[in-house]
Amino acid sequence: AAWLQNHWVLASFALLLVLLSLSMFGVYELQLPSAVRDRLSSKGDRMRGGEYAGVFAMGGISALVVSPCVAAPLAAALLHISRTGDAVLGGVALFTLAIGMSVPLLLVGASAGALLPRAGAWMAQVKHVFGLLLIAVAIYTVQPVLPALVAMACWGVLLIVGGATLGAFEPVVAGAAHAGVARAVKGVGLVLALLGVLQFVGIASGGRD
């Protein structure tokens, strides 16, 4: 536990979390080689449904094929567990991650696709939000060894960028589809951006907390 609190270890964890977050912003893709994905997909297509063994195998293969969707959050969870050394927290975190991924799929399957969300730009925005959350965990991880001023500046930048990601500085087109939802999301973004600005106001006024 003492070794894991070393400055270099914390900085390495934080850097790795930031690198993982870059996949959420489209800088690179975490996925299996295309040859492996194609082979797994073809095997999955030949499997019969309606049997426990077949369903289990298809679920496992699907998890490998869509691994880019969960690789970065899973790695972040494992990093946090390894840093804290809390087995109960680790078990609950991984179980919650599994439930969070499986329940929506079960609901979509049971609804015969009626609940399936439509693809669109909002999906990229969701990935960006998760990328920002990974960066937040990175700052939280390394904060104990950062000067207070630097930590406040990091949180300020993250909050302002998070607000911009949620459309705080973009106009909402009146009468557009889901304009109400867009306004609510923009409102949350404005609050985050305001909190980020307040961090820098605190720095400028001599605050270090």
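Please refer to the structure placed before this passage.
Residues numbered from 1 in each chain as written. Predicted model: local features only at pLDDT ≥ 70, side-chain atom pairs only at ≥ 80, totals over all residues. Heavy atoms only, no water.

Novice: Which residues make up helix α1 (residues 7-24), and what are the values?
Specialist: The terminal C-alpha atoms of α1, which comprises 18 residues, lie 26 Å apart, in line with the 26 Å expected from a rise of 1.5 Å per residue. Within α1 the residues assigned to the buried category are Val9, Leu10, Phe13, Ala14, Leu17, Leu20, Ser21, Ser23 and Met24. When α1 is viewed along its axis, its buried side chains cluster within an angular range of 160° and face the same direction. Exposed residues lying more than 90 degrees from the buried face of α1 are His7, Trp8 and Leu15. The distance from a side-chain oxygen at the start of α1 to the backbone nitrogen of tryptophan 8 is 2.7 Å, and the residue carrying that oxygen is asparagine 6. Positive backbone phi, approximately 80°, marks glycine 26, located one or two places after α1. (Helix = DSSP H or I, 4+ residues; strand = E, 2+ residues; numbered from the N terminus. Expected span 1.5 Å × (residues − 1). Buried < 20%, exposed > 50% of the residue type's maximum accessible area, 1.4 Å probe, protein only. Arc of directions from axis to C-beta. Polar contact = N/O pair within 3.5 Å; in protein donor to acceptor, adjacent residues only side chain to side chain.)

Novice: Tell me what's going on with the environment of alanine 179, and back it up with residues and numbers.
Specialist: Considering the arrangement of structural elements, one finds alanine 179 in helix α8 (residues 179-204). Judged by its relative accessible area of 10%, alanine 179 falls in the buried class. Setting aside chain neighbours within four positions, we find alanine 179 in contact with Val172 and Val173. (Contact = heavy atoms within 4.5 Å.)

Novice: Lay out empty space enclosed by the protein with the relevant residues and their values.
Specialist: According to the stated counting rule, one finds 1 cavity of 30 Å³ or more in the structure shown. Its volume calculated, the largest cavity comes out at about 30 Å³. At the level of secondary structure, the elements contributing two or more residues to the lining of the largest cavity comprise α1, α4 (68-84) and α6 (121-142). Per-element tally for the lining of the largest cavity: the top contributor is α4, with 4 residues. (1 Å grid on protein atoms, 1.4 Å probe; cavity = no way out; pocket = protein on both sides within 12 Å on 5 of 7 lines; lining within 4 Å. Points joined across faces, edges and corners; volume = space filled by probe spheres on them.)

Novice: Help me get a handle on a nonpolar patch on the surface, residues and values and all.
Specialist: Residues Val191, Leu194, Leu195, Val197, Leu198 and Val201 make up a contiguous nonpolar surface patch of about 520 Å² in total accessible area. Relative to the helices and strands, valine 201 resides in helix α8. (Patch = residues over 30% accessible without salt bridge, like charges linked within 9 Å, V, L, I, M, F, W, Y side chains within 5 Å. Areas by Shrake-Rupley, 256 points an atom, 1.4 Å probe, with all protein chains shown as cover. Salt bridge = Lys/Arg side-chain N within 4 Å of Asp/Glu carboxyl O.)

Novice: Requested: an account of the nonpolar core, with residues and values cited.
Specialist: Within the largest apolar cluster, 13 residues are counted, with the highest numbers of intra-cluster contacts made by Phe13, Leu17, Leu20, Ala72, Leu79 and Leu134. Mapped by element, the contributors of at least two residues to this core are α1, α4 and α6. Here this core takes 6 residues from α1, the largest share from any one element. Setting aside anything within four residues of it in sequence, one finds leucine 79 in contact with Phe13, Leu16, Leu17 and Leu20. (Core = buried A, V, L, I, M, F, W, Y, C linked by side-chain atoms within 4.5 Å.)

Novice: Can you explain the packing of helix α7 (residues 148-165) against α8? Please cite residues and give values.
Specialist: Axis separation between α7 and α8 bottoms out at 7 Å; the angle between their running directions is 155°. Classified by the interaxial angle, the pair formed by α7 and α8 is roughly antiparallel. Crossing geometry of α7 relative to α8 is assigned as left-handed. Along the contact surface, α7 presents Leu149, Met152, Ala153, Trp155, Gly156, Val157, Leu159, Ile160, Gly162 and Gly163, while α8 presents Gly189, Leu192, Ala193, Leu195, Gly196, Val197, Gln199, Phe200, Gly202 and Ile203. Class assignment of the residues belonging to the contact of α7 with α8 gives a composition of 13 nonpolar, 7 polar and no charged. (Axes fitted to C-alpha atoms, helices over the stretch in contact; angles between N-to-C directions. Parallel < 35°, antiparallel > 145°, perpendicular 65-115°, else oblique. Left-handed = near helix turned anticlockwise from the far one by under 90°. Nonpolar A, V, L, I, M, F, W, Y, C, P; charged D, E, K, R; others polar.)

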